[in-house]
Amino acid sequence: MARIGLREFTALARVMADGRLLRYGKGARGQTERFEHDFAARMGVDHVLTVNSGTSALIAALAAAGVGPGDEVLVPAYTWVSTAIAPLAVGAVPVLVNIDESLTIDPAAIEAAITPWTKAILPVHMLNLPCDMDAIMGIAKAHDLVVVEDACQAIGVTYKGRRLGSIGDLGAMSFNHHKNMTAGEGGAVLTSDDRLHVRAQMYHDPGNFIRGLKATEEPVFSAMNLRVSELTGAMLNAQLPRLDPLMRRLRKRHGLMAQAFDGARGCRVSPHNDPDNAVGLSVIFDRAEDAQAFGGIAGAERLLDTDRHVFRNWEAVLSRRSFHPKMDPYAWANREIAHRVEDYARTLDILARTCRVALGAQYPLPVMQLRRRALRRALDQRAPTRKDTKTEAMA
Ligand SMILES: *Cc1c(COP(=O)(O)O)cnc(C)c1O
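All residue numbers here refer to positions counted from 1 along the written sequence of the relevant chain. Residues qualify for local features only when their pLDDT is at least 70, as the model is predicted, and side-chain atom pairs are given and counted only at 80 or more; totals for whole chains, interfaces and linings, by contrast, use all residues. Excluding hydrogens and water, the side-chain figures rest on all heavy atoms present in the structure.

## Structural notes on the sheet that holds strand β1 (residues 47-51)
The pairing of strands in a sheet comes from backbone hydrogen bonds and takes either a parallel or an antiparallel form. Put simply, the rule is: By definition, two strands form a pair when at least two bridges between them are found by DSSP. Helix numbers and strand numbers start at the N terminus; a helix is a DSSP run of H or I with at least 4 residues, a strand a run of E with at least 2. Note on geometry: axes are C-alpha line fits, over the in-contact stretch for helices, and angles between N-to-C directions span 0 to 180 degrees. Any two residues whose heavy atoms approach within 4.5 Å are treated as being in contact.
Pairing is mixed in the open sheet, where seven strands are placed in the order β1-β9-β8-β5-β4-β2-β3. Looking at the sheet topology across the chains shown, the edges are occupied by β1 and β3 (93-97). Across the sheet, the mean angle from the axis of one strand to that of its neighbour is 25 degrees, orientation sign disregarded. One ladder, built from three bridges, connects strand β5 (residues 146-150) with strand β8 (residues 170-174); its direction is parallel. Looking across to β8, one finds that Glu149 is bridged to Gly171. Lying on the sheet, helix α7 (residues 194-203) is in contact with β1, β8 and β9 (187-191); it crosses β1 at an angle near 15 degrees.

## With respect to the pairing of β1
Put simply, the test is: We call a residue buried when its accessible area falls under 20% of the maximum for its residue type, exposed when it is over 50%, and partly exposed in between, using a 1.4 Å probe and counting protein chains only.
Burial analysis of β1 places five of its five residues in the buried class, which makes it a mostly covered element. On β1, burial covers both faces: His47, Leu49 and Val51 on one face and Val48 and Thr50 on the other are all buried. As paired strands, β1 and β9 are joined by five bridges and run antiparallel to one another. Counted as the bridge partner of Val48 is Leu190 from β9.

## Some points on the side chain of Asn180
The following threshold applies: Within 3.5 Å is the distance limit for a polar contact, defined as a pair of N or O atoms, with the added protein rule that one can donate a hydrogen and the other accept it, and that residues adjacent in sequence qualify only through two side-chain atoms.
Note that Asn180 resides in the loop between β8 and β9. A distance of 3.0 Å separates a polar atom in the side chain of Asn180 from a polar atom in the side chain of Asn128. Ignoring sequence-local partners within four residues, the contact set of Asn180 consists of Ala2, Asn128, Gln153, Ala154, Ile155, Val157, Leu243, Leu246 and Met247.

## Let's talk about the sheet that holds strand β11 (residues 282-285)
Spatially, four strands are ordered β10-β11-β13-β12 in an open sheet, and the strand pairing comes out antiparallel. Edge positions in the sheet fall to β10 (267-269) and β12 (300-302), since each of these pairs with one other strand and no more. Going from strand to strand, the sheet's axes swing by 25 degrees on average, the running direction of each strand aside. As paired strands, β12 and strand β13 (residues 354-357) are joined by three bridges and run antiparallel to one another. Pairing of Glu301 across the sheet is with Arg356, part of β13. On the sheet, helix α12 (residues 345-353) packs against β11, β12 and β13 and is oriented at approximately 50 degrees with respect to β13.

## A few points about the site of the ligand
Put simply, the rule is: Nearness is defined per residue: one heavy atom within 4 Å of the molecule or strand is enough. Gly falls in the polar group here, along with every residue not listed as nonpolar (Ala, Val, Leu, Ile, Met, Phe, Trp, Tyr, Cys, Pro) or charged (Asp, Glu, Lys, Arg).
Surveying the vicinity of the ligand reveals 15 residues, the closest of which are Gly54, Thr55, Asp150, Ser174 and Lys179. A distance of 2.5 Å separates an oxygen atom of the ligand from a polar side-chain atom of Thr55. Within the side chain of Ser174, one N or O atom sits 2.7 Å away from an oxygen atom of the ligand. Classifying every residue of the shell around the ligand gives three nonpolar, 10 polar and two charged.

## Points about the confidence of the model for the protein
Convention followed: Confidence scores labelled pLDDT are given residue by residue by the predictor and lie between 0 and 100.
Looking at the protein, the pLDDT average stands at 94 and 96% of residues meet or exceed 70. A low-confidence stretch, residues 389-395 stays under pLDDT 50, and its non-local contacts, those more than four residues away or across chains, total one contact.

## What about the environment of Ala293?
Among the structural elements, Ala293 can be located in helix α9 (residues 288-294). For Ala293, a relative accessible area of 53% translates into the label exposed. For the pair Ala293 and Arg265, spaced 28 residues apart in the sequence, the C-alpha separation amounts to 14 Å.

## Examining the domain arrangement of the protein
Defined as follows: These domain limits were set by an automatic method or by a database of domain assignments. Two parts lose some accessible area (1.4 Å probe) when they are put together, and adding that loss for both gives the buried area. For this document, the term salt bridge refers to a Lys or Arg side-chain nitrogen within 4 Å of an Asp or Glu carboxyl oxygen.
Split by domain assignment, the protein resolves into domain 1 (6-241) and domain 2 (243-307 + 348-394). One C-alpha centre belongs to domain 1, the other to domain 2; they are set 30 Å apart. Interface area lost by domain 1 to domain 2 is led by Tyr78, Glu101 and Leu103, which between them contribute 27%. Joining domain 1 to domain 2, the criterion identifies three salt bridges. Between Arg268 and Glu101 there is a salt bridge, and its shortest N-O distance comes to 3.1 Å. Remark: the boundary between domain 1 and domain 2 carries seven residue pairs in polar contact (both at pLDDT 80 or more). Elements supplying a minimum of two residues to the side of domain 1 that touches domain 2: α2 (31-43), β6 (158-159) and α8 (230-258). The element that contributes the greatest number of residues to the side of domain 1 that touches domain 2 is α8, accounting for three residues. Residues belonging to the side of domain 1 that touches domain 2 are distributed by class as follows: 14 nonpolar, eight polar and six charged.

## Things to note about α2
One turn of the α-helix equals 3.6 residues, which is why residues spaced by three or four share an orientation. Put simply, the rule is: The span expected for a helix works out to 1.5 Å for each residue beyond the first. Directions are taken from the helix axis to each C-beta atom, and the arc is the one they span.
Given a rise of 1.5 Å per residue, 13 residues ought to cover 18 Å, and the 18 Å separating the end C-alpha atoms of α2 matches this to within 8%. Of the residues making up α2, those classed as buried are Gln31, Thr32, Phe35, Glu36, Phe39, Ala40 and Met43. Viewed end-on, α2 has its buried residues packed into an arc of 160 degrees, placing them on one side of the element. Away from its buried face, by an angle of more than 90 degrees, α2 presents the exposed residues His37 and Ala41. Check the buried side of α2 and you find it contacts α1 (6-18), β1, β7 (162-163), β8, β9 and α8. Within two residues after α2, Gly44 carries a phi angle of roughly 80 degrees, on the positive side.

Here it is as structure tokens:
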């Protein structure tokens with residue numbers, strides 16, 4: 001979670017003193033425009049469009065890419081529900097895909113889920129953990145699919161030297177209260193493709209034809225209002241300098257906290273798709289009971305118990321219900337799309353055996369050393385498992 005302090009207070013006060021809160025027509029004083037420029041440079045993309053939420057960013061990205069009725073979008077079965085809802089919002093259907101032990105979408109399962117109607121992949125970097133982007137981009141290229149990275153939970157994180165959200169055709173970020181950067185609410189669409197950027201801009205403002213858009217060949221289409229005000233822009237400008245220091249603190253604490261699991265029985269640190277740059281930590285147990293018990297300790301949380309991120313709790317998606325019976329993307333799909341819980345037993349098994357370990361970026365290192373010791377003590381004090389007893393009896 002991001003810090004908020006005096007910097008944000010003065011940034012907001014300045015905008016309020018100026019009195020004009022609309023993002024347009026401010027020239028060099030435009031806070032939102034400045035943020036988009038600086039954030040694009042920091043993330044290594046050509047364009048950033050600030051929008052009012054991460055959900056909006058995902059929807060605008062899909063709309064920009066021309067994803068719509070009849071299209072299938074591959075979404076991991078472990079993510080915040082917005083990732084699965086975004087395809088529905090543009091008239092496409094989400095096709096759920098199992099995760100692997102890295103807690104991100106399994107590239108082999110992506111291959112197995114591709115049909116002639118698959119249009120896009122929405123890999124999600126959960127808990128600051130990167131997806132296997134090399135494999136995903138390879139699959140996308142081979143099958144001519146659009147990749148929209150959901151980097152809502154991984155702002156600032158790098159994968160093999162590149163920022164998450166800058167690798168796919170488009171990236172989506174969230175600035176809600178829980179994320180690495182916050183404006184209370186907010187989001188961003190990242191891309192280095194000029195046309196995708198123009199289309200995202202068009203989609204995000206019904207008034208795009210009177211302002212904002214540079215000369216473009218792209219025919220104008222009807223749009224939503226996903227705009228932000230200058231208050232959001234000012235908050236994000238104040239937050240940006242905090243991002244890389246946060247990454248450094250997380251990396252330092254990752255090294256420290258991972259040691260808690262060295263040589264521990266019945267568990268190991270989860271595989272990571274770029275271990276040298278890890279800023280997120282989770283641990284996978286052999287047995288679900290052990291993960292459940294460990295998840296009750298301060299600073300650890302079992303992922304199956306974070307109900308809202310587990311597909312089987314996405315009632316609106318599983319029931320395939322929308323606000324109007326005829327607004328039914330499933331009826332427009334080219335085949336029957338069922339979300340059967342039993343097809344995702346593997347995801348549930350991994351989530352039942354995995355705990356996230358908080359890295360405590362906001363705490364001093366000595367506090368985290370104490371916490372590491374407490375976690376290790378809890379691991380060592382566990383009753384021996386049946387397997388251990390047998391091994392000991394044999395020894
Ligand atoms: C937070 C989040 C979103 C949605 O962001 P909002 O700003 O809350 O709309 C989407 N996907 C993931 C993985 C998230 O964590």
